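Take a look at the letters that make up each chain.
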Amino acid sequence: MISVEEARERVLESIHRLEPVEVELSSALGLALAEPAVSRFDIPPFDNSAMDGYAVQAGDIAGASTDAPAELEVLEDLPAGYIAKATVIPGTAVRIMTGAPLPAGANTVVPVELTGRLPEGVNIHQALKEGANVRYAGEDVKKGETVLPEGTRIDPAELGMLASLGYSRVKCYRRPVVGVISTGDELVDPLEDLAPGKIHDSNSYTVYGLVAEAGAVPLRIGIVRDRPEELRRVFTQHGDRVDAFITSGGVSVGDYDVVKEVLAGMGEMNFWKVAMRPGMPQAFGSVLGKPLFGFPGNPVSVMVSFELFAYPALRKMGGHLELFHPEADAVIDTPMGRKIGRMEIIRVIAEWRDGEYHARVTGPQGSGILRSMVLANALAMLPSEAGRLEAGSRVRIMLL
Ligand code: AMP
Ligand code: MG
């Protein structure tokens, strides 16, 4: 048996990121940057007003108050997007809108709420520090600065930042395409009615969802019977179209464990017993040059195995810096775990309360009880030596 950590390390060691592609900016959402984003100019590019009001010289309003306002001549009206023609000199102001470039000579903006309009000018009712309500050139980003390192995940804020930097196209790592296969003679698609002895294939749907949520592109190949020639044919048929395969079922030691049988003769495969529950038997390696994850068939085993091994691997293929789900410490509100000598992965409901995470078991934890995943928003990872933990103990949780 190997530990979860070791299995994960071995997986990640053999996974490489995909080649970069150049995409139109909005298509980069969710992808990882394949080049650092460097600024060719200051942002904002010029000193500008943070408020609607009056651009003035601070010295002119030093003694201003409601009772003794400073009276200034207004030289012009300046909307955003235009440059002032006038220069602000002592005794004058420019009426300015948010985002408009600060006129020459002005060093302070008085918000309109602190002013009173006069026929030819304005009364200022309050003294302000020099620089008040001015946004200075480069205060967000300096020219030449690396704003986003390579590997940064492009979320909405990054999209906006790239637009501010003037990127209309951007070099990113592409999303891995993942072929998703369910194996088993007992499986039928949800389109079909159940005959005696048959169950609906749920794994190809859960894995489809997991792959998509990991930022990769699922190709749901569907159900393959427990026949070696059928599985071989499907690998060959789709090998050129995918960057990785995920199969479920058929990796333990039963007579019909087709994945194991086929892969043992088809490429570089490892069959591991990983010290975890659920999900002990795992197959990992490559088929037709593409990484293959062979997960055990039980619906919960598949999902847990995916989160532990395939999720970080797909993140790495997609060029991301952050490979793992966030983790946290949590206090358990229900007892959990027992001595099994393997990492026990318990589906929990985690909630933030009184300044820390609390976790409680979702209910029955059998590896076929998919409802445990439906209810869970986190996985508690109990170390193999933990044994039974009473309420109030602390555990590590992975937030899903
Ligand atoms: P296996 O790993 O092939 O021995 O399967 C273990 C258990 O998971 C069996 O009860 C299977 O019927 C079930 N199972 C395997 N594949 C699926 C699937 N795609 N959807 C739902 N249950 C499955
Ligand atoms: Mg099977």
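Quick caveat, the model's predicted, so the values are computed rather than measured.

Cut-offs and rules
- Residue indices follow the written sequence of each chain, beginning from 1 at its first position.
- Written order decides the labels, with chains lettered from A and ligands numbered from 1.
- pLDDT decides what is reported in this predicted model: residues at 70 or higher carry local features, side-chain atom pairs at 80 or more are listed and counted, and totals for whole chains, interfaces and linings draw on all residues regardless.
- Calculation of side-chain values draws on the structure's entire complement of heavy atoms; hydrogens and water are dropped beforehand.
- Two kinds of site are reported from a 1 Å grid over the protein atoms alone, namely cavities, where a 1.4 Å probe fits but cannot get out, and pockets, open sets with protein on both sides within 12 Å along at least five of seven lines, and residues are called lining when an atom falls within 4 Å of a point.
- Grid points are joined across faces, edges and corners, and a volume is the space filled by probe spheres set on the points.
- Where helices and strands are cited, they refer to DSSP runs of H or I of at least four residues and of E of at least two residues respectively, numbered from the N terminus.
- By the convention adopted, Pro, Cys, Tyr, Trp, Phe, Met, Ile, Leu, Val and Ala count as nonpolar, Lys, Arg, Asp and Glu as charged, and the other residues, Gly among them, as polar.
- Here the limits of each domain have been adopted from an automatic or database domain assignment.
- Only heavy atoms are used to decide nearness, and a residue is near a molecule or strand if one of them lies within 4 Å of it.
- Each polar contact in these results corresponds to two N or O atoms within 3.5 Å; when the atoms are within protein, one needs to be able to donate a hydrogen and the other to accept it, and residues that are neighboring in sequence are counted only if both atoms are side-chain atoms.
- Accessible surface area values rest on a Shrake-Rupley calculation with a 1.4 Å probe, where residue burial reflects the displayed protein chains alone.
- DSSP calls a pair of strands paired once it identifies at least 2 bridges connecting them.
- Note on geometry: axes are lines fitted to C-alpha atoms, helical ones only across the stretch in contact, with angles between N-to-C directions running from 0 to 180 degrees.
- Pairing of aromatic side chains requires ring centres within 6.5 Å, counting the rings of Phe and Tyr and the six-membered ring of Trp. Pairs whose planes differ by under 30 degrees are stacked, by over 60 edge-to-face, and all others tilted.
- Exposure classes here rest on a 1.4 Å probe applied to the protein chains alone. A residue is buried below 20% of its type maximum, exposed above 50%, and partly exposed in between.

(A) Representation of the layout of surface pockets in the model. Looking at the largest pocket, its volume works out to about 470 Å³. Counting residues per element, the ones that place at least two in the lining of the largest pocket are strand E16 (199–200) and helix H6 (299–317). In terms of residue class, the lining of the largest pocket is made up of nine nonpolar, 14 polar and six charged. Approximately 220 Å³ is the volume found for the second largest pocket. Of all the secondary structure elements, the ones that give two or more residues to the lining of the second largest pocket are helix H3 (203–213), H6 and helix H7 (371–375). Considering only residue class, the lining of the second largest pocket consists of 10 nonpolar, three polar and two charged. Taken domain by domain, the makeup of the lining of the second largest pocket includes at least three residues from each of domain 1 (4–17 + 175–317) and domain 4 (327–399).

(B) Representation of the domain arrangement of the protein chain in the model. We note that the domain assignment places domain 1 (4–17 + 175–317), domain 2 (20–41 + 150–173), domain 3 (48–135) and domain 4 (327–399) within the protein chain. Averaged C-alpha coordinates put domain 1 and domain 2 at centres separated by 32 Å.

(C) Looking closely at the site of ligand 1. Around ligand 1 sit 15 residues in total, of which Glu186, Asp201, Ser202, Gly250 and Gly297 are the nearest. One of the side-chain nitrogen or oxygen atoms of Ser182 is found 3.4 Å away from a nitrogen atom of ligand 1. With respect to ligand 1, the side chain of Asn203 contributes an N or O atom lying 3.3 Å from a nitrogen atom. The protein chains hide 75% of the 480 Å² of surface that ligand 1 would expose on its own. The set of elements that each furnish at least two residues to the shell around ligand 1 consists of strand E14 (177–183) and E16. Residues of the shell around ligand 1, tallied by class, amount to four nonpolar, nine polar and two charged.

(D) Representation of the sheet that holds strand E21 (residues 281–287) in the model. Read across the open sheet, the six strands follow the order E17-E14-E18-E22-E21-E19; overall the sheet is mixed. A single partner strand is all that each edge strand has here, and the edge strands are strand E17 (217–224) and strand E19 (269–273). Averaged over neighbouring strand pairs, the angle between their axes works out to 15 degrees when direction is ignored. Bridge count for E14 against E17 is seven bridges, and the pairing is parallel. Paired with Ile181 across the two strands is Gly222, which belongs to E17.

(E) Structural view of the packing of aromatic side chains. Using the criterion set out here, one finds five aromatic pairs in the structure. Measuring from centroid to centroid gives 5.9 Å for Trp272 and Phe284, while their planes differ by 35 degrees, and the two rings are tilted. Taken as a pair, Trp272 in strand E19 and Phe284 in strand E21 lie far apart in primary sequence, 12 residues in all. A relative accessible area of 11% places Trp272 in the buried class. The class of Phe284 is buried, set by a relative accessible area of 6%. Seen in terms of ring centroids, Phe284 and Phe293 are 5.1 Å apart; in terms of plane orientation they differ by 50 degrees. Their pairing is tilted. Across this residue pair, the class does not change: Phe284 and Phe293 are buried. Linked through ring pairs, Trp272, Phe284, Phe293 and Phe295 together constitute an aromatic cluster.

(F) Quick peek at the sheet that holds strand E13 (residues 169–173). Strand order in the open sheet formed by three strands is E1-E13-E2, with antiparallel pairing between adjacent strands. With partners counted over all chains shown, the strands left at the sheet margins are strand E1 (20–24) and strand E2 (32–33), one partner each.

(G) Spotlight on the pairing of strand E7 (residues 92–96). With four of its five residues buried, E7 lies for the most part within the structure. Note that strand E6 (residues 70–78) and E7 share four bridges and pair parallel. Bridge pairing in E7 links Leu78 to Ile96.

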